[in-house]
Amino acid sequence: MLGGAGILLGVAAVPAQAAEVSYKTECVPPAISGMDPVQGTTQVEITAPAEAKVGDEVQITWKFVKAASKNPDIIDLEKDTVQPTGTLKAGGAQTGDIAMEGPRQNPPIPKNSDMKLSDMKGTLKLTAAGEVTLTPDAYNVNVNKPVSADTKCTPTEAVKSAATIKVSGGDSGGTTGGLPTGVPPVPTEVPTELPTGSTPPSSPSDPSESATGGDSGDSGGSDSGGSGGGQTEFTGKEVEIPYECKTPIGDKSATSPVQIDAKKDGGNFGLTVQFKKSVMDSPADIPADSVKPSMEVALGGADKGTVRVEGPTNPEPIKSGDPIEIPNLTGTYKPGADGESTLSPGVLTVEALGTTTTCTPAKSEVSLTLDTSSQPGGAAGGSAGGAGTSGAGPASSGGGLADTGSDDSGLLRALGLLAGTTILLGGAVFTFMPRRRLR
């Protein structure tokens, strides 16, 4: 009778043996998740023929009794979205790496619960007589929704062999290394979902280089002209804004260079907010039309309230490793007061793959100053037109980065986990499981 996976391929079946082994393991979630490595214990059962002959090709099965890490508390993983791959080491009479791969088959896996991984199989062509030992090594776990993300798990201690094949006969004693490797390692845990996004990982915090500057001081490049005759275009100065972001996988900080420009249209102003530098590369492939950013520009001086500006979703897919850039955010400012009004970058929100990350400026800094004349329905403490309505408040009030997660789960929920990941658009937070991500 054929036992488990102990089947000799192309030859007669022999008795199979199954043995368990446990070893300490470190699992590294996708960079997009922003999560720290997880320390745990992997418990596997290896099934292989107890005896075979030189020239036989045998099949070996790796069963996960227990994976080293759980599905993080970010998103529920859907049925048949998780696939394990790994490496089994052959030693003794024959040495080499055996590529192991399991099907993408799993029951639904709720967040914060044990990973359920399919059995992996691989084959070994026996080339030498003697005892061949089989020892589990590194493995990866890939989750393909809402975005593809890998968790890599490697042993942190010497691992004992789990099974031994007694190889007899044949003349070929000896070449070692008949184990083709084919399947790349696969991470376990999902991020980790970006965050949506997408986040994720972690979230970058490197301030970008400042590039221009309108003019001087807080009044940016132009502080004249609101109502006065000739000038219609006003260039703000680039300001470094330290953001504090709330994501599904924890708080993140990042600094981004931002500039606000304006173009006068009657008594109103068309605003354009630019993020001057991409602060991170995409930790995973992101589909087109998946990331959408918006901001509440904070008003000060004579006027009060906020102006909503929005950007388009990413028009093309973003490949893993490519820079993630935030498009220009645009909206209309309808003044609610006469006098000198200031505009400062405010709360940034990023929606990605169904999740939202919100980032609030830790410190407000004026990018542009305009001479304004009150218009009917203008700001003065409320929302001043723009791309949508939102509550009033100073630059440092309210949100920030959208919780990136995924419409499906929370992968980009911080764009930061397997089902989640975080990106501070232009600044540094990309939640791995976001519902939408920008390029």
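Q: Go over the overall build of the protein chain with me, naming the residues and quoting the values.
A: On a plain count of helices and strands, the protein chain comes out with zero helices and 27 strands. Every one of the 439 residues in the protein chain was classed for burial, and the buried ones make up 52%. Summed over its atoms, the accessible surface of the protein chain is roughly 16,200 Å², and 46% of this surface lies on carbon and sulfur atoms.

Q: Now, about the environment of P29: what can you tell me, with residues and values included?
A: Here P29 is to be found in the loop between β2 (16-28) and β3 (38-49). Given the relative accessible area of 5%, P29 is considered buried. Linking P29 and A149, residues 120 residues apart in sequence, is a C-alpha distance of 8.5 Å.

Q: Account for the packing of aromatic side chains, with residues named and values stated.
A: By the definition in use, this model includes five aromatic pairs. Their ring planes at 25° and their centres at 6.1 Å tell us that F269 and Y333 sit as a pair that is stacked. Of this pair, F269 sits in strand β17 (residues 268-275) while Y333 sits in strand β20 (residues 329-333), and the two are 64 residues apart along the sequence. When sorted by exposure, F269 lands in the same class as Y333, which is buried. One aromatic cluster is present, built from ring pairs that chain together W62, F64 and Y139.

Q: Can you break down the nonpolar core residue by residue, with the values?
A: By size, the foremost hydrophobic cluster in this structure holds 39 residues, and its most contacted members are I46, I60, W62, L134 and Y139. Within the residue set of this core, elements represented by two or more residues are β2, β3, β5 (57-66), β7 (82-92), β8 (96-101), β10 (120-125), β11 (130-143) and β13 (163-168). Among the elements that take part in this core, β11 stands out by supplying five residues, more than any other. If you look at the next biggest cluster of nonpolar residues, it comprises 32 residues, including Y243, V297, L299 and I318.

Q: Can you explain the state of the cysteines? Please cite residues and give values.
A: Applying the stated criterion across every chain yields a total of two disulfides. Paired by a disulfide, C27 and C153 hold their sulfur atoms 2.1 Å apart. One disulfide, between C27 and C153, carries an S-S torsion of 115° and so falls in the right-handed class. With C27 in strand β2 and C153 in strand β12 (residues 149-155), this residue pair connects regions lying 126 residues apart in the sequence. Both residues of the pair, C27 and C153, count as buried.

Q: Describe the side chain of S113, and please don't skip the residues or the numbers.
A: By the element assignment, S113 lies in strand β9 (residues 113-114). Within the structure, S113 has its side chain in polar contact with the backbone oxygen of P110 (distance 2.5 Å). Those residues in contact with S113 that lie beyond four places of it in its chain are K70 and N71.

Q: Mind laying out the pattern of salt bridges, listing which residues take part and the relevant values?
A: The tally for this structure, following the rule as stated, stands at eight salt bridges. Two residues, D80 and K79, come together in a salt bridge whose shortest N-O distance is 3.0 Å. K79 sits in the exposed class, given a relative accessible area of 54%. One network of salt bridges, with partners in common, ties together K292, E296, R308 and E310.

Q: Tell me about the side chain of S118, and please be specific about residues and values.
A: Here S118 lies in the loop between β9 and β10. Of note is the side chain of S118, whose polar atom sits 2.7 Å from the backbone oxygen of P103.

Q: Residue-level account of the pairing of β11, with values.
A: For β11, the tally of buried residues reaches 10 of 14 residues, placing the bulk of the element in the interior. Of the strand pairs in this sheet, β7 and β11 are connected by 10 bridges, and their pairing is antiparallel. Across the sheet, Q83 pairs through a bridge with N142, a residue of β11. As paired strands, β11 and β13 are joined by five bridges and run antiparallel to one another. Within β13, the residue paired with L134 across the bridge is A163. Both β11 and β12 contribute to a ladder of five bridges, which runs antiparallel. Considered in β12, the bridge of V141 is made with T151. Connecting β11 to the next strand, β12, in antiparallel fashion are five residues.

Q: For the environment of L88, give the residues involved together with the corresponding values.
A: Topologically, L88 is positioned in strand β7. With residues up to four places along the chain from it excluded, the contact list for L88 reads I46, I60, W62, G96, D97, I98, M100, L134, T135 and P136.

Q: So, unusual backbone geometry: which residues are in play, and what are the values?
A: The phi dihedral of D80 is positive, around 55°, even though this residue is not glycine. Within the element layout of this structure, D80 appears in the loop between β6 (70-71) and β7.

Q: An account of the confidence of the model for the protein chain is needed here, citing residue identities and associated values.
A: Chain-level pLDDT for the protein chain is 73 on average; 66% of the residues reach the 70-or-more range. Scored below 50 in pLDDT, residues 172-228 makes 347 contacts in the model with residues more than four places away or belonging to other chains.

Q: Would you mind going over the environment of L126 in detail, with residue names and values included?
A: On the secondary structure map, L126 appears in the loop between β10 and β11. C-alpha separation for the pair L126 and A52, spaced 74 residues apart in sequence, amounts to 8.2 Å. Beyond its immediate chain neighbours, meaning those up to four positions away, L126 contacts A52, K53, V54, G55, D56, V58, Q94, I165 and V167.

Conventions used here
Residues numbered from 1 in each chain as written. Predicted model: local features only at pLDDT ≥ 70, side-chain atom pairs only at ≥ 80, totals over all residues. Heavy atoms only, no water. Helix = DSSP H or I, 4+ residues; strand = E, 2+ residues; numbered from the N terminus. Buried < 20%, exposed > 50% of the residue type's maximum accessible area, 1.4 Å probe, protein only. Areas by Shrake-Rupley, 256 points an atom, 1.4 Å probe, with all protein chains shown as cover. Phe/Tyr/Trp six-rings, centres within 6.5 Å; stacked < 30°, edge-to-face > 60°. Core = buried A, V, L, I, M, F, W, Y, C linked by side-chain atoms within 4.5 Å. Disulfide = S-S within 2.5 Å. Polar contact = N/O pair within 3.5 Å; in protein donor to acceptor, adjacent residues only side chain to side chain. Contact = heavy atoms within 4.5 Å. Salt bridge = Lys/Arg side-chain N within 4 Å of Asp/Glu carboxyl O. Pairing = 2+ DSSP bridges. pLDDT = per-residue confidence, 0-100.

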